[in-house]
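Next come the chains, spelled out residue by residue.
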Amino acid sequence: MQPSQAYRAAESLLAFWAEAGVDAMLLDEAVDRIEAGKIAPPPSPVAARPVPAPVAGPRVAAAPSPDLSAAIAEAQQLAQAADSIEALKAAIEAFEGCPLRFEGAASQAVFYRGDPAAPLMIVGDGPGSEEDAQGAPFVGRAGQLLDRMLAAAGLTGRVFITNTVFWRPPGDRAPSPPEQAVCAPFLERAMELLSPKMLLVLGASSAKALLRKDEGILSLRGRWHEWRSHSGNLELPVMPTLHPAFLLRQPAAKKKVWSDLLTATERLDRPERP
Ligand code: URA
């Protein structure tokens, strides 16, 4: 195998595990940590400082820092004041409280593309370089694949597409829970204003943020979940599925997404009970 092929294979395998929710590496051989601890050097004055206890429970539940609390409060105020999707777009563009705006984004806020009256709202992680340049979500390679799959499922023109954050994360990493928390009031307001019939959530980090669950995407996908607004006024069915960027690296997983898309389309087209 050429070194470049080996590199791509390793990258693809790591991406597969990351998408499946594996975020810790284990060694082939077990390590006796108690035994290992016995030969630890005596604590230095710095190490002797009390270390805060690890926070139990899913990381999505962590409280925002005071700075972010102020940014979240401002986002809530701006979002609630917006009475149309265009007013919400203008509020996002004016908002300076998301750190990503000054870190990853080279140009502009990326809010949505598609039809605001569409019955299906699709939520991805965050914009990449192409989205940052064009100011619209899912317009790069992953977006083109998404469009092809939507067309095959008969969903072209029936979607509103957005993300959990509205500025590009540096290096196209996944957005962090605090970054998603700062943008969440705008996303939630979009759902309130548009009241779609359901959500299709793409990828692990957006599924975790919206469902407030710490499960991997492979166990979340393919089943219906419920999203509820913080105000409790709006509830929507959610179908999580794999991210199209992941499918570019793991084409064999397309059949899972195809099955999830068909499940969503079937529910979308089901006649409503009177
Ligand atoms: N990936 C996402 O999650 N969103 C985009 O808009 C583009 C790529």
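Residues numbered from 1 in each chain as written. Predicted model: local features only at pLDDT ≥ 70, side-chain atom pairs only at ≥ 80, totals over all residues. Heavy atoms only, no water.

Colleague: So what about the overall build of the protein chain? Which residues, and what values?
Modeller: Along the protein chain, the regular secondary structure elements total 11 helices and 6 strands. Classification of the 274 residues of the protein chain by burial places 41% in the buried group. Here the contacts in the protein chain between residues at least 6 apart in sequence split such that 73% fall between residues at least 24 apart. Carbon and sulfur atoms provide 57% of the accessible area of the protein chain, an area that totals close to 15100 Å². (Helix = DSSP H or I, 4+ residues; strand = E, 2+ residues; numbered from the N terminus. Buried < 20%, exposed > 50% of the residue type's maximum accessible area, 1.4 Å probe, protein only. Contact = heavy atoms within 4.5 Å. Areas by Shrake-Rupley, 256 points an atom, 1.4 Å probe, with all protein chains shown as cover.)

Colleague: Please set out the site of the ligand residue by residue, giving values where relevant.
Modeller: Every residue close to the ligand is listed here: G124, D125, G126, P127, E131, P137, F138, N163 and H243. Contact between the ligand and D125: an oxygen atom at 2.8 Å from a main-chain N or O atom of the residue. Within the backbone of F138, an N or O atom sits 2.9 Å from an oxygen atom of the ligand. Expressed as a share of its isolated accessible area of 230 Å², the protein-covered part of the ligand is 92%. Residues belonging to the shell around the ligand are distributed by class as follows: 3 nonpolar, 4 polar and 2 charged. (Near = heavy atom within 4 Å. Polar contact = N/O pair within 3.5 Å; in protein donor to acceptor, adjacent residues only side chain to side chain. Nonpolar A, V, L, I, M, F, W, Y, C, P; charged D, E, K, R; others polar.)

Colleague: Help me get a handle on unusual backbone geometry, residues and values and all.
Modeller: Of note in this structure, D172 is not a glycine but carries a positive phi near 60°. For D172, the position within the fold is in the loop between β3 (159–163) and α7 (177–194).

Colleague: Could you give an account of the sheet that holds strand β5 (residues 225–228), with specific residues and numbers?
Modeller: Ordered in space as β1-β3-β2-β4-β6-β5, the 6 strands form an open sheet in which the pairing is mixed. Both edges of this open sheet fall to β1 (113–114) and β5, since each of them pairs with a single strand only. Pairing analysis gives 4 bridges linking β5 to strand β6 (residues 235–241), with the strands arranged antiparallel. Pairing of R228 across the sheet is with E235, part of β6. (Pairing = 2+ DSSP bridges.)

Colleague: Mind laying out the pairing of strand β4 (residues 198–202), listing which residues take part and the relevant values?
Modeller: Summarising burial for β4: 5 of the 5 residues are buried, a large majority. The alternating pattern of β4 places M198, L200 and L202 on one face and L199 and V201 on the opposite face, and all of these are buried. Looking at chain direction, β4 and β6 are connected through 4 bridges and run parallel. Among the inter-strand pairings, L202 is bridged to a residue of β6, identified as T241.

Colleague: Tell me about the pairing of β3, residues and numbers included.
Modeller: Within β3, 5 of the 5 residues are buried, which leaves it mostly tucked inside the rest of the structure. Residues V159, I161 and N163 line one face of β3 and the alternating positions F160 and T162 line the opposite face, and both faces are buried. Pairing analysis gives 2 bridges linking β1 to β3, with the strands arranged antiparallel. In the strand pairing of β3, G114 is matched with F160. The sheet contact formed by strand β2 (residues 120–124) and β3 spans 5 bridges and is parallel.

Colleague: Give me the lowdown on α7, citing residues and values where you can.
Modeller: Look at α7: 24 Å from first C-alpha to last across 18 residues, which is about the 26 Å you get at 1.5 Å a residue. Along its length, α7 shows its largest kink, about 45°, at C183, and proline P185 lies within four residues downstream of that point. Among the residues of α7, those classed as buried are E179, Q180, V182, C183, P185, F186, L187, E188, R189, A190, M191 and L194. Taken from the residues just after α7, S195 is the one with a positive phi, measuring 45°. (Expected span 1.5 Å × (residues − 1). Bend = angle between axes of the 7 residues up to and from the residue.)

Colleague: Explain the packing of α7 against helix α8 (residues 204–211) to me, using residue names and the numbers behind them.
Modeller: Two measures define how a pair of helices packs: the angle their axes make with one another and the distance between the axes. Contact geometry of α7 with α8 gives a least axis separation of 11 Å together with a crossing angle of 75°. On the basis of their axis angle, the class for α7 and α8 is roughly perpendicular. Mapping the contact onto sequence places Q180, L187 and M191 in α7 and S205, S206, A209 and L210 in α8. Grouping the amino acids of the contact of α7 with α8 by side-chain chemistry returns 4 nonpolar, 3 polar and no charged. (Axes fitted to C-alpha atoms, helices over the stretch in contact; angles between N-to-C directions. Parallel < 35°, antiparallel > 145°, perpendicular 65-115°, else oblique.)

Colleague: Got a sec to walk through the state of the cysteines? Specific residues and values, please.
Modeller: For the structure on display, the rule yields 0 disulfides. Between C98, a free cysteine, and C183, which holds the nearest cysteine sulfur, the sulfur-to-sulfur gap is 3.9 Å. Look at C183 and you get buried, because its relative accessible area is 0%. (Disulfide = S-S within 2.5 Å.)

Colleague: Any chance you could break down the pattern of salt bridges for me, citing the residues and the numbers?
Modeller: In the structure shown here, the tally under the stated rule is 12 salt bridges. For K208, the salt bridge identified is with D214, shortest N-O distance 3.5 Å. By relative accessible area, which is 12% here, K208 ends up buried. The partner of D260 in a salt bridge is R221, with the nearest N and O atoms 2.9 Å apart. In this pair, D260 sits in helix α11 (residues 254–269) while R221 sits in the loop between α9 (217–220) and β5, placing the two residues 39 residues apart along the sequence. Like R221, D260 is buried. Via salt bridges that share partners, E103, R173 and E179 belong to a single interconnected network. (Salt bridge = Lys/Arg side-chain N within 4 Å of Asp/Glu carboxyl O.)

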